[in-house]
Amino acid sequence: MNNRFSDSSQIGIVSTFSELVHTDFKGEMNALCWYRDLDGDFKEIIDRLSLKENITEVYPEDLIALQLSEKGNIAREIILNDLQLLADFGASPSLNLLKCYERDDEFDFISTDVYSFHVDRSPIATDTFLCTYHGAASDIVSNSQAEQKILIPEIRTKLKELFDGPSEEFDDFLKENYFDLHYQVQANAKPVNLGLGHLWRLAVDHPKQQVLPCIHRAPVENEGEYRLLLIC
């Protein structure tokens, strides 16, 4: 399959949902893409929905209640099918209408919000699934092109200044505040934008994971445009 993701050793390409959930991560590959060229008018769905907060969860019954054109109905059926596939697989998918996420600006030397490159962590064996149907899409970056922020000397020094406990508890402090999940990309790094309509599975940091977790970030939203995002 020829597409712009094929050249990355980090990304595996599949053509069915079954392949997406049953293909094992291995080596450098910690992101799987069910590559799709979707039909349908997803913007019409956004235009029919009401944003109640910066992030509004949209439920299947909300979608079903919408009066849509033929193209809008195609988009709706795609979303409902994706939600059902993931639910049947045992995941707990959420469809979000997004204006923006909350920013973390408490410290000027490290950020722990989703706009910062980060990995997801779970105490159980799981993966992150996501699909952007409309709006700006997320980015991932190869693990070889990024460094854990807590290992950068000047950042680590400032974190130690924040911490007022015994040195043997410093690592616990970093985990409890999610500092260890965030990464600094190298100057020559080439992040990959995940694009629209593709359903992605990203490796998560958990005890049984055989590969490095996938480093990713939420995009800065396009001005005046909401995102429609499936995630679990």
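Only a predicted model underlies this, so the values are computations on that prediction, with no experimental measurement involved.

## As for the packing of aromatic side chains
How two aromatic rings sit relative to each other is set out by the distance from centre to centre and by the angle between their planes.
Now for step 1: Applying the stated criterion across every chain, the model contains 13 aromatic pairs.
Now for step 2: Here Phe-5 and Tyr-35 contribute two aromatic rings whose centre-to-centre distance is 6.0 Å and whose plane-to-plane angle is 70°, an arrangement assigned as edge-to-face. Residue Phe-5 is found in the segment before strand E1 (11–14), and its partner Tyr-35 is found in the loop between strand E2 (31–34) and helix H2 (42–48); the two are separated by 30 residues along the sequence.
Now for step 3: Ring centres of Phe-5 and Trp-200 lie 5.0 Å apart, and the angle between their planes is 85°; this geometry places the pair in the edge-to-face category. Pair noted here: Phe-5 is in the segment before E1 and Trp-200 is in strand E10 (residues 199–203), with a separation of 195 residues, a long-range link. Of the two residues, Phe-5 and Trp-200, neither departs from the other in class, the shared state being buried.
Now for step 4: Following the ring pairs from residue to residue traces out a cluster consisting of Phe-107, Phe-109, Phe-163, Phe-170, Phe-173 and Phe-179.
Now for step 5: The ring of Tyr-115 carries Arg-103 above its face, with NZ or CZ at 3.8 Å from the centroid.

## Considering the sheet that holds strand E11 (residues 215–217)
Now for step 1: Across the sheet, three strands lie side by side as E9-E6-E11; this open sheet has antiparallel pairing. Every other strand in the sheet has two partners, leaving strand E9 (192–193) and E11 as the edge strands with one partner each.

## Concerning the sheet that holds E10
Now for step 1: Spatial strand order, E1-E2-E10-E5-E12-E4-E3: seven strands in an open sheet with mixed pairing. This sheet does not close on itself; its edge strands, each paired only once, are E1 and strand E3 (55–58). Pairs of neighbouring strands in the sheet enclose a mean axial angle of 25°, with direction left out of account.
Now for step 2: Bridge count between E2 and E10: four bridges; the pairing is antiparallel.

Procedures and definitions
- Residues numbered from 1 in each chain as written.
- Predicted model: local features only at pLDDT ≥ 70, side-chain atom pairs only at ≥ 80, totals over all residues.
- Heavy atoms only, no water.
- Phe/Tyr/Trp six-rings, centres within 6.5 Å; stacked < 30°, edge-to-face > 60°.
- Helix = DSSP H or I, 4+ residues; strand = E, 2+ residues; numbered from the N terminus.
- Buried < 20%, exposed > 50% of the residue type's maximum accessible area, 1.4 Å probe, protein only.
- Lys NZ or Arg CZ within 6 Å of the ring centre and 35° of its normal.
- Pairing = 2+ DSSP bridges.
- Axes fitted to C-alpha atoms, helices over the stretch in contact; angles between N-to-C directions.

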